[in-house]
Amino acid sequence: MERPMETTSLRQILFEVFCKVFADAAFVFADLPDDGGDAEEMPAGYDISAIVDFSGHFRGSVLIGTGARMGGVAAANMLGIEEDDPAAEERKVDAVLELLNMICGNLLPAVAGVEPEFSIDAPREAAAEEFAGVWKKASARLRLSMEGCLTDVVLYIDDRKV
């Protein structure tokens, strides 16, 4: 199996794909915090945490952890409604799940090229223990500031043979 790109490159690709998907699909823009987006320590918890697993040329997961405000803003923007509309609150988790799905779908060809094929599972909410387990073995991770919320995005690529 061909080894995926090195961690520094993975981090840059993750940043670019994440920012493009959120800007294009949800009109939400990310800023790097003062520490440059290094996410060495996992926060105590997130209001919304989600994971999507993939397999194929290589396998792994993409995760996102964020605050409720960011999820609500993304939902409102994606639905074309006001942020204070109750539907935005009701759909905030769905919005984050859909954005995560789009991130994974754009991230894999950016990392592996367009030839390899992948199967992407349905994104789902992640339990704190599951998120922490993947966090510890991450291939790349970022911490971004979005809509007043710190948002972490994690890419894990399993090094074992598929």
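Residues numbered from 1 in each chain as written. Predicted model: local features only at pLDDT ≥ 70, side-chain atom pairs only at ≥ 80, totals over all residues. Heavy atoms only, no water.

## Some remarks on the overall build of the chain
Counting its regular elements, the chain contains five helices and six strands. Shown N-terminal to C-terminal, the secondary structure of the chain runs as helices and strands in the order α-β-β-α-α-α-β-β-α-β-β. By residue count, 44% of the 162 residues in the chain fall in the buried class. Intrachain contacts of the chain at a sequence separation of at least 6 include 71% that bridge at least 24 residues. Summing over all exposed atoms, the chain offers an accessible surface of approximately 8,200 Å²; the carbon and sulfur share of this is 48%. (Helix = DSSP H or I, 4+ residues; strand = E, 2+ residues; numbered from the N terminus. Buried < 20%, exposed > 50% of the residue type's maximum accessible area, 1.4 Å probe, protein only. Contact = heavy atoms within 4.5 Å. Areas by Shrake-Rupley, 256 points an atom, 1.4 Å probe, with all protein chains shown as cover.)

## A look at the pairing of strand β1 (residues 48-56)
Burial runs high along β1: seven of the nine residues are buried. Taking the residues between adjacent antiparallel strands as the criterion, β1 and strand β2 (residues 59-66) are bridged by two residues. Bridge count between β1 and strand β4 (residues 124-125): two bridges; the pairing is antiparallel. Each bridged residue has a counterpart across the sheet, and for A50 the counterpart in β4 is E125. As paired elements, β1 and strand β3 (residues 118-120) share three bridges and run antiparallel to each other. When the bridges of β3 are listed, S55 appears paired with S119. (Pairing = 2+ DSSP bridges.)

## A short note on the nonpolar core
The biggest cluster of nonpolar side chains holds 40 residues, and the ones touching the most others in it are F18, F22, V62 and L155. Elements supplying a minimum of two residues to this core: α1 (7-26), β1, β2, α2 (68-79), α4 (92-112), β5 (140-146) and β6 (149-158). No other element matches the 10 residues that α4 contributes to this core. I51, L63, A126 and V134 belong to the second-largest nonpolar core, a separate cluster that totals nine residues. (Core = buried A, V, L, I, M, F, W, Y, C linked by side-chain atoms within 4.5 Å.)

## Details of the side chain of T151
Summarising the element assignment, T151 is placed in strand β6. Looking at T151, its side chain comes within polar contact range of the side chain of T66, at 2.6 Å. Once residues lying within four places of it in the same chain are set aside, the contact partners of T151 are F18, I64, G65, T66, M70, L142, R143, L144 and M146. (Polar contact = N/O pair within 3.5 Å; in protein donor to acceptor, adjacent residues only side chain to side chain.)

## Section: the packing of aromatic side chains
By the definition in use, this model includes six aromatic pairs. When the centroid spacing of 6.0 Å and the interplanar angle of 80 degrees are considered together, the rings of F54 and F118 count as edge-to-face. Of the two residues, F54 is situated in strand β1 and F118 in strand β3; the sequence distance between them amounts to 64 residues. Between F58 and F118, the aromatic rings sit 5.1 Å apart at their centres with planes inclined by 70 degrees, giving edge-to-face as the arrangement. Here F58, found in the loop between β1 and β2, pairs with F118, found in strand β3; they are 60 residues apart in sequence, far enough to count as distant. Taking the relative accessible area as the measure of exposure, F118 reaches 22% and is therefore partly exposed. An aromatic cluster is built from Y46, F131 and W135, whose rings are joined through pairwise contacts. For K137, the ring lying beneath its charged end belongs to Y156, and the centroid distance is 4.7 Å. (Phe/Tyr/Trp six-rings, centres within 6.5 Å; stacked < 30°, edge-to-face > 60°. Lys NZ or Arg CZ within 6 Å of the ring centre and 35° of its normal.)

## Digging into α2
With 12 residues, α2 should cover 16 Å at 1.5 Å per step; its first-to-last C-alpha distance of 16 Å lies within 8% of that length. Buried residues of α2: M70, G71, G72, V73, A74, A75 and A76, and no others. (Expected span 1.5 Å × (residues − 1).)

## Overview of the confidence of the model for the chain
Per-residue confidence for the chain averages 88 on the pLDDT scale, and 86% of its residues sit at or above 70. The least confident element of the chain, judged by mean pLDDT, is β5 at 88; the most confident is β4 at 98. (pLDDT = per-residue confidence, 0-100.)

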